[in-house]
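Each chain, written out:
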Amino acid sequence: MKKTLAYLGGEPVITEKAPAELFRWPIITEEDEAAALEVIRSNAFSGIDITEKFQDEFAAWIGTKYAVCFCNGTLSLAAAMFSIGLGAGDEIICPTKTYWGSIAQTVTFGATPVFCNINDMLSMDPSDIERCITEKTKALMVVHYLAYPADMDAIMAIAKKHDLKVIEDVSHAQGGLYKGKRLGTFGDVAAMSLMSGKSFAAGELGILVTDDRVCYERALAYAHYERNNKNYITESTDLHPYSGIALGGVKGRANQLCSAMARVQLKYYDERCKKIREAMNYFWDLLEGVPGIRAIRVDESTGSNMGGWYCPHGAYYPEELGGLSVGKFCEAVRAEIGGDTCWEGGNYCLHTHEAFHTFDFNHIGKPTRMAYSDRDMVAEDAFCRPSLEKYCFSIPWFKHMDKEWIEKYAAAYRKVAQNYKDLLPLDDDPSDNARGRWYGTSNQ
Ligand SMILES: *Cc1c(COP(=O)(O)O)cnc(C)c1O
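Residues numbered from 1 in each chain as written. Predicted model: local features only at pLDDT ≥ 70, side-chain atom pairs only at ≥ 80, totals over all residues. Heavy atoms only, no water.

Quick look at the sheet that holds strand β10 (residues 293-295)
The strands that make up a sheet pair up through hydrogen bonds in the backbone, lying either parallel or antiparallel. Put simply, the rule is: Two strands are said to pair when DSSP picks up at least two bridges between them. A helix here means a DSSP run of H or I that spans at least four residues, while a strand means a run of E at least two residues long, and both kinds are numbered starting from the N terminus. Every axis corresponds to a line fitted to the C-alpha atoms, with the helix fit spanning only the stretch in contact, and the corresponding angles, defined between N-to-C directions, vary from 0 to 180 degrees.
The 3 strands lie next to each other as β10-β11-β12, forming an open sheet whose pairing is antiparallel. Every other strand in the sheet has two partners, leaving β10 and β12 (392-394) as the edge strands with one partner each. Averaged over all pairs of adjacent strands, the angle between their axes in this sheet comes to 35°, without regard to strand direction. In this sheet, β12 lies alongside strand β11 (residues 313-316) in antiparallel orientation, the contact comprising 3 bridges. Of the residues in β12, the one forming a bridge with A315 is C392.

As structure tokens, this is what we get:
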């Protein structure tokens, strides 16, 4: 029997509220609370002893020699740029579809962000990287966007061939694996956010990891000073004379309330992520073969995985659904689930933002992005396919394997895809599809 879509007045698939545990994140126990209280009671916010312990534990967990905390992920990525020696005139290639905190920091280095295209998994497209390379290219900013591991074999081969530095932004993919190796251990340096909305959630915190002593010391020197005084910067680097002042002109010290919470979160992180992956894979298994919608996920038998599956999205193929706009598809799913999940777009493609076209940070009469470049970056941006930003939609971020509820959500997506024809006459403006966000995606 054919069912009427809730969007058209039929009975919604989901009529009650899902249990809060299914989505609650991070998982906070008395252990987190006790760790935080200890910091408050001892007024240890600005110390570094707890942060140092977390750094050691995090480095051991991810598999690098060094880790340095910062007060947020954006600053940790700026420190990563400084750590590889990014400077005026250098070009750095970044996938266009990511949060601005992956790349906007170039403004303070006089470096030119060059945006490359994304593939169907919304991930840096290795086949578009060489188009972007010139003799000024210094580095690649690889983003494991929405927890999907970027194609590191192909990317590292290109970096090697052209002698480029590689920074990984692991803000969406902490704990994820690519062919058995942790994301964040492929490039010269990796940095990531551990803020409250991410899968590794520890309040407001960022962390940089590297095996390279020079990168490590430069990252410290960028936004730390106490540590310099404590001889983390050795006599052997040219930064030694400057210890005592943060060379980036910014203070990056972590609030130990967050470091204390991060230590507790790390203890349970892998096992909690495993549960998330089971639940998310189950959801997608249920939707295998449904037209128009496909998982953005990896085959775990290759040794890769999606870590904590941050901000999960699916890929949308309107041509399989009579051209139905992804916006209308999402509206109809929301009507079935009675909730706020299922939005189209994800992050907007950065090359479409005016800040990268005209903004002149230093008042030099030229857009800062092109301040030291003779490339017409705005024209080159046309090689990115902005249309791709339309074609994804968010799905619920399940934290537990609750089969009954996961099946209900999957049924809602399936119902809309299977009854797409009923929506076509109401699809008022299929061209008005490119909605999205400059920041993260609201998702349960
Ligand atoms: C969140 C995020 C950042 C920045 O981290 P903050 O901790 O919010 O400063 C950087 N890159 C990506 C891809 C992010 O999602």
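Now, onward.
Focus on the packing of helix α3 (residues 73-83) against helix α6 (residues 213-223)
For any two helices packed against each other, the geometry is given by the interaxial angle and the distance between the axes. The condition that has to hold: Between 65 and 115 degrees an angle is taken as roughly perpendicular, under 35 as roughly parallel, over 145 as roughly antiparallel, and anywhere else as oblique. Two helices that cross are described as forming a left-handed crossing if the nearer one is turned anticlockwise from the farther one by less than a right angle, and a right-handed crossing if clockwise. We call two residues in contact when some of their heavy atoms are within 4.5 Å. Under the scheme applied, nonpolar residues are Ala, Val, Leu, Ile, Met, Phe, Trp, Tyr, Cys and Pro; charged residues are Asp, Glu, Lys and Arg; polar residues are all the others, including Gly.
Where α3 meets α6, the axes come as close as 8 Å, and the angle between the chain directions of the two elements is 125°. The orientation of α3 relative to α6 falls into the category oblique. The interaxial crossing formed by α3 with α6 has right-handed handedness. Touching L75, A78, A79, F82 and S83 of α3 are C215, R218, A219, Y222 and A223, all from α6. Across the contact of α3 with α6, the residue classes tally to 8 nonpolar, 1 polar and 1 charged.

Focus on the site of the ligand
The condition is simple: Note on definitions. A residue lies near a molecule or strand when any single heavy atom of the residue is within 4 Å of it. What qualifies as a polar contact is a pair of N or O atoms within 3.5 Å, subject to a donor-acceptor requirement within protein and to the restriction that residues adjacent in sequence count only when both atoms come from side chains. To measure how exposed things are, a 1.4 Å probe is used in the Shrake-Rupley method; for residues, cover is taken only from the protein chains shown.
Around the ligand lies a shell of 14 residues, among which T74, D169, H172, S193 and K198 are the nearest. Within the contact set of the ligand, an oxygen atom lies 2.7 Å away from a side-chain nitrogen or oxygen of H172. K198 has a polar side-chain atom sitting 3.0 Å from an oxygen atom of the ligand. Protein chains bury 93% of the 380 Å² of accessible surface belonging to the ligand in isolation. Of all the elements, α3 adds the most residues to the shell around the ligand, at 3 residues. Partitioned by chemical class, the residues of the shell around the ligand number 3 nonpolar, 9 polar and 2 charged.

Notes on the pairing of strand β1 (residues 66-70)
Spelled out, the test is: Classification of residues uses two cut-offs on accessible area relative to the type maximum, computed with a 1.4 Å probe and protein chains only: under 20% is buried, over 50% is exposed, and between them is partly exposed.
Most of β1 sits inside the fold, with 5 of its 5 residues counted as buried. The two faces of β1 match: Y66, V68 and F70 on one face and A67 and C69 on the other face are all buried. As defined by bridge partners, β1 adjoins strand β9 (residues 206-210) across 5 bridges and the pair is classed as antiparallel. Each residue of the ladder has a partner; that of V68, found in β9, is L208.

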